[in-house]
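Working through the structure, step by step
Okay, here's what each chain looks like letter by letter:
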Amino acid sequence: MVVGGASLSLLGLVPRATRDVDVIARVDTVSSNADPETEIRLIEPDPLPEPLAKAIETVARDFRLPSNWMNTEVALQWRMGLPPSLKEEISWRQYGALGVGLVGRRSMIALKLFAAVDGGPGGVHYQDLSALGPTDAELDEAAEWVVTQDVSPDFKQMVSQVVERVKQER
Amino acid sequence: MAEEVNIGMLKAGADDAVRSTVEAAREAVLFVAWEQWHSLGSLATPVGKHRAASIVDPEALVLCSLMIRDEERRLDDFLGWWAEKGASLLSVQRMLNLVERFPDQAGVRLGAFAGLAADAGHKRWRRHAVTTGETAALLKPRGGKGRDGLDLVEAPTLMLRLRAGFGVGAKADLLTFLIGNGGVFASVREAAQAVSYTDAAVRNAAQEMALARFIEETGSRPAEYAADVRLWTELLWFNKLSEHIPGTRDHTIGPAWRYWEHVLAFLTGVLEWARIGVQEDWSPYILSSRARDLYERHKKAFKANRIAVPNPGDHCGTAYLSAFETTVAMLRDWIGSHV
C-alpha cells in the first residue's frame, strides 16, 4: 500500500513527479480475504516479499534509479499509529501481478498535514496538502489524528498554525 | 524453440529492434554451428570465406545445435552422426556443467541426444538418456551425414584430438585452452572458467602437467600456467594435417580459444528471449529488462573475447532494446572473422 507523491499522482489528486514510492503497509495475504477490497488485514511492509524486492532492484538497474526508489521508510509511522481512515478508503490498482493499494484522500490529508508540520510551508508536503484543497471538516479530522502523534505542548499549536494557513490560502 | 518467432505479434514499439536482433542472432549461431560441424567432419558445407580456425567446444556445439535444430533440421543429422561417432570424446560432466548456462530447453533436449548416444553403445550417456515420450522422439537424424570414422585433421578439432590422445578430462581440456591462449600465462581460476571445470580439478591437472613439463608454471603465487605454443603446434602438425584443405589458415601459431560456450549460450538465449517475449506478449520494457538480464548473465562472452559492445548502464529503460540490437549485431560481425 502506497502513500505520498506516488499515491497522489496515481489517484490524479496532485499531478507532480515524485522521487520515490513510499510503501506504508502490505496486505497479509495469509489471513486476508482473497478479495482485497473486503476484510483486508494490513501489516507492516518489512520485509518486502522477495519477488517485489527483486523487482525493485531490477527497475532501479533498468532506469538508473537509486536503489531505494521504492522504500518503506514511511512505515515507521506504524509505531505511532496510522490514520484511522487508512483502511477505509483504499483504491486498488492492478499492475500485472502486483496489486497496489493507494491511500485515499482523507488519510493523505492527515499524513500530509503531519509531514507539513515538520517541513514548514515551503516544503513539498505543505504544497501537496494545499493542492489537495481540503475542506474544513477534512482538516479538522486530520488535525485530530495528527495531534496524537506528538505529546509536546508546542506541537498542538504548530498543527493549528498549519491548518489555519491552509484555510487562509484556499 | 518449438515454433519460429513471429515478431509481428510483439507489442508496438519493439518489433523492429527485436526482429533485427533475432535475425542477427540466428545468422550468427547458424554460422558457427555450420562451420564447426564441418570442422568435425560432418557433411555441413562451410559458408565462410575461410575455414574455421578457432577451437571447437564440442559440448557447447552439441547444446547449441539442440537449441537451434528447429531453425535448421539438418542439425539433427549432424547430432545423430556425432552421437554415434563422437560421443566417446564428449565429457558428460562438462556437458552437465555447460547446460546450466543454456536456455532451459537445452537440458531437456540433451536427454534426446544422450538417448542416441546410448543407443549407439556409449554407455556413459545411458544414465542421462530419455527413452520415452516426446523428448525421446525429438531428434530425427538421417544416416550418412558425416564421415564413417572420425578423422580429426582440422586445427579446430584440437580439444577432441587431445581428448583422444590423453583421455576425456581436465588435463586435455586445460592443455587445449593453454595452446589456444597463445602462450599467454593464465591463472587456475581463468583456466577453470574457460574450460568449465572446478578450480580444484584444473589446479591438480595443471600441477601434474607442469611436473611432466608439458606446460610451464610461473614461480609466483598464485601460480600461472602457459603452453609453449611453438613446440605444441609443431608436435600436433596442424599445418601438415590440413595442408590439402583449401581455405585453411596458417596454423603456425595454433588455433585460438574463443570461449564459444559463452557466445553460443548467449546467442541461443537471445533466440529464446524473443520466443518467450512473443509467447507471453512482453511489453517493450520487459523485453529490454530481460535483454539486460541476458547480457549480464553472459557478459563473459564479450569480456573474455574482448568484444566492445554498448554498456547497458548507458541506456535507460527501453532505450536498451536498440543497444541490445547493436550488441548482437556486433557479436555476429565478430564471429564472422573469428570463427
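1. Looking at the overall build of chain A
- Per the secondary structure count, chain A includes 7 helices and 7 strands.
- The N-to-C order of helical and strand elements in chain A reads β-α-β-β-β-α-β-α-β-β-α-α-α-α.
- In terms of overall dimensions, chain A is globule-like: its C-alpha atoms have a radius of gyration of 16 Å, near the 15 Å expected for 170 residues.
- Oriented by its inertia axes, the alpha-carbon framework of chain A measures out at about 45 × 35 × 30 Å.
- Out of the 170 residues belonging to chain A, those deemed buried represent 30%.
- At a minimum sequence separation of 6, the contacts of chain A that also span at least 24 residues come to 53%.

2. Topic: the domain arrangement of chain B
All names here are of chain B.
- Per the domain assignment, the segments making up chain B are domain 1 (13-260) and domain 2 (261-338).
- Just the C-alpha atoms count here: the centres of domain 1 and domain 2 sit 23 Å apart.
- Each side of the interface is counted separately: domain 1 has 29 residues, and domain 2 has 29 residues.
- Elements with a minimum of two residues in the side of domain 1 that touches domain 2: helix 1 (15-40) and helix 2 (58-68).
- For the side of domain 1 that touches domain 2, the element with the highest residue contribution is helix 1, accounting for 13 residues.
- Here the residues of the side of domain 1 that touches domain 2 are counted per class, giving 19 nonpolar, 5 polar and 5 charged.

3. Re the confidence of the model for chain B
- The share of residues in chain B with pLDDT of 70 or more is 91%, and the mean pLDDT across the chain is 90.
- Interface scoring of the predicted complex returns ipTM 0.78; its pTM is 0.86.

4. Describing the interface of chain B and chain A
- If you look at the interface, chain B gives 5 residues, while chain A gives 5 residues.
- A class-by-class count of the residues in the side of chain B that touches chain A yields 1 nonpolar, 3 polar and 1 charged.

5. Focus: the nonpolar core
- Among the nonpolar cores identified, the biggest contains 106 residues, and B:L63, B:F113, B:L174, B:A191, B:V202 and B:V270 are the most heavily contacted of them.
- When residues in this core are grouped by element, the largest group, 12 residues, is from helix 1 of chain B.
- Domain assignment of the residues forming this core places at least three in each of domain 1 (13-260) and domain 2 (261-338) of chain B.
- Dropping the residues within four chain positions of it, B:V202 is found in contact with B:A170, B:L174, B:V188, B:A191, B:A192, B:V195 and B:Y197.
- Formed by 34 residues, the second largest nonpolar core is a distinct cluster that contains A:L102, A:A110, A:Y126 and A:V159.

6. Concerning the sheet that holds strand 3 (residues 224-226) of chain B
- Strand order in the open sheet made by the 3 strands is 1-3-2 (chain B), with antiparallel pairing throughout. Two strands close off the open sheet at either side, each with one partner strand: strand 1 (186-187) and strand 2 (216-217) of chain B.

7. Concerning the environment of B:N305
Residue and element names in this part refer to chain B.
- You can see N305 is positioned in the loop between helix 15 (300-303) and helix 16 (319-338).
- C-alpha separation for the pair N305 and L331, spaced 26 residues apart in sequence, amounts to 10.0 Å.
- With near-sequence residues (within four places) excluded, N305 lies in contact with R258 and Y259.

8. A few points about unusual backbone geometry
- The omega angle of the peptide bond from A:D46 to A:P47 is -5°, so this bond is cis rather than trans.
- With respect to the helices, strands and loops of the structure, A:P47 is situated in the loop between strand 4 (42-43) and helix 2 (50-63).
- Following B:R221, the chain continues to B:P222 via a peptide bond in cis, the omega torsion being 0°.
- Along the chain, the position of B:P222 falls in the loop between strand 2 and strand 3.

9. Overview of the domain arrangement of chain A
Residues and elements named next belong to chain A.
- Domain annotation for chain A reports domain 1 (2-104) and domain 2 (106-169).
- Relative placement of domain 1 and domain 2: their C-alpha centres are 22 Å apart.
- Counting from both sides, the interface comprises 14 residues of domain 1 and, opposite them, 11 residues of domain 2.
- Here the side of domain 1 that touches domain 2 is composed, by residue class, of 9 nonpolar, 4 polar and 1 charged.

10. Side note on helix 7 (residues 158-166) of chain B
- For helix 7 of chain B, the set of buried residues is B:L158, B:M159, B:L160, B:R161, B:L162 and B:R163.
- Immediately beyond the C-terminal end of helix 7 of chain B, within one or two residues, lies B:G167, with a positive phi of roughly 100°.

11. Remarks on the packing of helix 4 (residues 105-119) of chain A against helix 5 (residues 124-132) of chain A
Residues and elements named next belong to chain A.
- The interhelical angle for the contact between helix 4 and helix 5, taken along N-to-C directions, is 145°, at an axis separation of 8 Å. Where helix 4 crosses over helix 5, the two elements pack in a sense that is left-handed. For the pair helix 4 and helix 5, contact is made by R105, M108, I109, K112, L113, A115, A116 and G119 and by H125, Y126, D128, L129 and L132, respectively.

12. A few points about the pairing of strand 7 (residues 98-102) of chain A
Residues and elements named next belong to chain A.
- Summarising the sheet, strand 6 (residues 91-95) and strand 7 pair through 5 bridges and their orientation is antiparallel. Paired with S91 across the two strands is L102, which belongs to strand 7.
- In sequence, strand 6 turns back onto strand 7 through a hairpin of 2 residues, with G96 there showing a positive phi of about 60°.

Conventions and cut-offs
- Residues numbered from 1 in each chain as written.
- Chains lettered and ligands numbered in written order.
- Predicted model: local features only at pLDDT ≥ 70, side-chain atom pairs only at ≥ 80, totals over all residues.
- Helix = DSSP H or I, 4+ residues; strand = E, 2+ residues; numbered from the N terminus.
- Rg over C-alpha atoms; globule rule 2.2 N^0.38 Å.
- Buried ≥ 20, exposed ≤ 12 C-beta atoms within 10 Å, placed from the backbone.
- Contact = placed C-beta atoms within 7 Å.
- Domains from an automatic or database assignment.
- Nonpolar A, V, L, I, M, F, W, Y, C, P; charged D, E, K, R; others polar.
- pLDDT = per-residue confidence, 0-100.
- Core = buried A, V, L, I, M, F, W, Y, C linked by C-beta atoms within 7 Å.
- Pairing = 2+ DSSP bridges.
- Axes fitted to C-alpha atoms, helices over the stretch in contact; angles between N-to-C directions.
- Left-handed = near helix turned anticlockwise from the far one by under 90°.

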